[in-house]
Amino acid sequence: MVTEVIACFSRKRVFGYSFIAMSSIGIAVLGFLVWAHHMFVAGISLYSALVFSILSYLVAVPSAIKVFNWTATLYKGSISFTTPMLYAFGFIGLFTMGGLTGLFLAALGIDVHVTDTYFVVAHFHYIMVGGAVMGYMAGMHFWWPKISGRMYPEAWGRLAALIVFIGFNLTFFPQFVLGYLGMPRRYWQYSPEFQVLNVLSTEVQPFSLSVICFR
């Protein structure tokens, strides 16, 4: 969906379409092989951990190919900042952020430190929620007028895209800091020094969701 939206609103052919298509297959194949990076602290052998660490790093290669090709498609394009395009930009940003933080989890030493902390929660949501939702919203705003014959208010659509992007980052970016500082996930109570970041993370989320529902 993001590839279609970016090509349409940059008025250019997709740069390296075959590489984007093959990178999708690469992510699908490698994605089945990285599950054990969640088990670095479970007592698996050093050699097994090393193999899965390398596989986890390799997932970044096809993911980076997609981001670079999308960016190359935008280069010198006639870009229209419509609602679908803003959501596509948001997707690229969140997807890139999630991918870069995944490199930390692929490193044996760092993963041991942040396993089962809010760092993992933030990384997962940047990929599976932030990226997926922004891509889904881009596709909805792109195809829904063609499907239904009704056009949404463009100004409200752009404002919603901006609020959702900012709200998502205010919700989940503090969790990277919380996880790095050692706060475990799935705990309802936390130390006083984590108060500000937890309040920032939990109070913004309902506001962002309410914007999506309002739209």
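You'll find the structure just up there.
What counts, and where the lines are drawn
Residues numbered from 1 in each chain as written. Predicted model: local features only at pLDDT ≥ 70, side-chain atom pairs only at ≥ 80, totals over all residues. Heavy atoms only, no water. Helix = DSSP H or I, 4+ residues; strand = E, 2+ residues; numbered from the N terminus. Buried < 20%, exposed > 50% of the residue type's maximum accessible area, 1.4 Å probe, protein only. Contact = heavy atoms within 4.5 Å. Salt bridge = Lys/Arg side-chain N within 4 Å of Asp/Glu carboxyl O. Phe/Tyr/Trp six-rings, centres within 6.5 Å; stacked < 30°, edge-to-face > 60°. Lys NZ or Arg CZ within 6 Å of the ring centre and 35° of its normal. Expected span 1.5 Å × (residues − 1). Arc of directions from axis to C-beta. Patch = residues over 30% accessible without salt bridge, like charges linked within 9 Å, V, L, I, M, F, W, Y side chains within 5 Å. Areas by Shrake-Rupley, 256 points an atom, 1.4 Å probe, with all protein chains shown as cover. Core = buried A, V, L, I, M, F, W, Y, C linked by side-chain atoms within 4.5 Å. Lys, Arg positive; Asp, Glu negative; His and termini not counted. 1 Å grid on protein atoms, 1.4 Å probe; cavity = no way out; pocket = protein on both sides within 12 Å on 5 of 7 lines; lining within 4 Å. Points joined across faces, edges and corners; volume = space filled by probe spheres on them.

Regarding the side chain of T73
- Assignment of secondary structure puts T73 in helix α4 (residues 60-74).
- Note on T73: relative accessible area 1%, which makes it buried.
- If sequence neighbours within four positions are ignored, T73 has contacts with I6, A7, S10, K12, R13, V14 and F15.

As for the pattern of salt bridges
- Scanning the model with the defined rule gives 2 salt bridges in all.
- Note that E154 is salt-bridged to R158, the shortest N-O span being 3.1 Å. Pair noted here: E154 and R158 are both in helix α8 (residues 154-180), with a separation of 4 residues, about one helical turn.
- On the accessibility criterion, E154 (23% relative accessible area) is partly exposed.

Concerning the packing of aromatic side chains
- By the definition in use, this model includes 13 aromatic pairs.
- Seen from their ring centres, W35 and F52 are 5.3 Å apart, and the 55 degrees between their planes marks the pair as tilted. Of this pair, W35 sits in the loop between α2 (17-31) and α3 (46-58) while F52 sits in helix α3; the two residues are 17 residues apart in sequence, bridging distant segments of the chain.
- With centroids separated by 5.6 Å and ring planes inclined at 70 degrees, the aromatic side chains of W70 and F91 adopt a geometry described as edge-to-face. With W70 in helix α4 and F91 in helix α5 (residues 83-106), this residue pair connects regions lying 21 residues apart in the sequence.
- Judged by relative accessible area, W70 falls into the buried class, the value being 5%.
- Across the ring face of F142, the terminal group of K146 is positioned such that the distance to the ring centre comes to 4.2 Å.

Some remarks on α4
- Along its 15 residues, α4 runs 21 Å from first to last C-alpha, staying within 8% of the 21 Å computed at 1.5 Å per residue.
- Those residues of α4 that fall on the buried side of the exposure criterion are P62, S63, K66, V67, N69, W70, T73 and L74. Down the axis of α4, the sector holding all buried residues measures 165 degrees, keeping them to one side.
- Packing partners of the buried residues in α4 comprise α1 (2-9), α2, α3 and α5.
- Where α4 ends, the next residue or the one after it, K76, has phi of about 60 degrees, a positive value.

Quick look at a nonpolar patch on the surface
- On the surface, M1, Y136, M140, W144 and I147 cluster together into a nonpolar patch covering about 560 Å² of accessible area.
- Mapped onto the fold, W144 is located in helix α7 (residues 118-148).

Describing the nonpolar core
- Membership of the largest hydrophobic core comes to 31 residues, with the highest contact counts inside it found for V5, I6, W70, Y87 and F91.
- Residue assignment for this core shows that the elements contributing at least two residues are α1, α4, α5, α7 and α8.
- Other than its neighbours up to four places away in sequence, Y87 contacts M134, M137, A138, H141, G157, A160, A161 and V164.
- Counting residues in each nonpolar core, the second largest holds 8 residues, with L30, V34, A49 and V59 among its members.

Considering the side chain of D111
- Within the fold, D111 resides in helix α6 (residues 108-114).
- Despite its burial, D111 pairs with no opposite charge, the nearest such side chain being R185 at 9.4 Å.
- If we skip the residues at most four places from it in the chain, D111 touches H37, F40, F104 and L105.

So, the layout of surface pockets
- Counted as a void, the largest pocket has a volume near 1200 Å³.
- For the largest pocket, the lining is made up of 42 residues, of which V59, S63, F95, H123 and I127 are closest to its centre.
- If you list the elements that add at least two residues to the lining of the largest pocket, you get α1, α2, α4, α5 and α7.
- Considering every element that reaches the lining of the largest pocket, the biggest residue donor is α7, with 11 residues.

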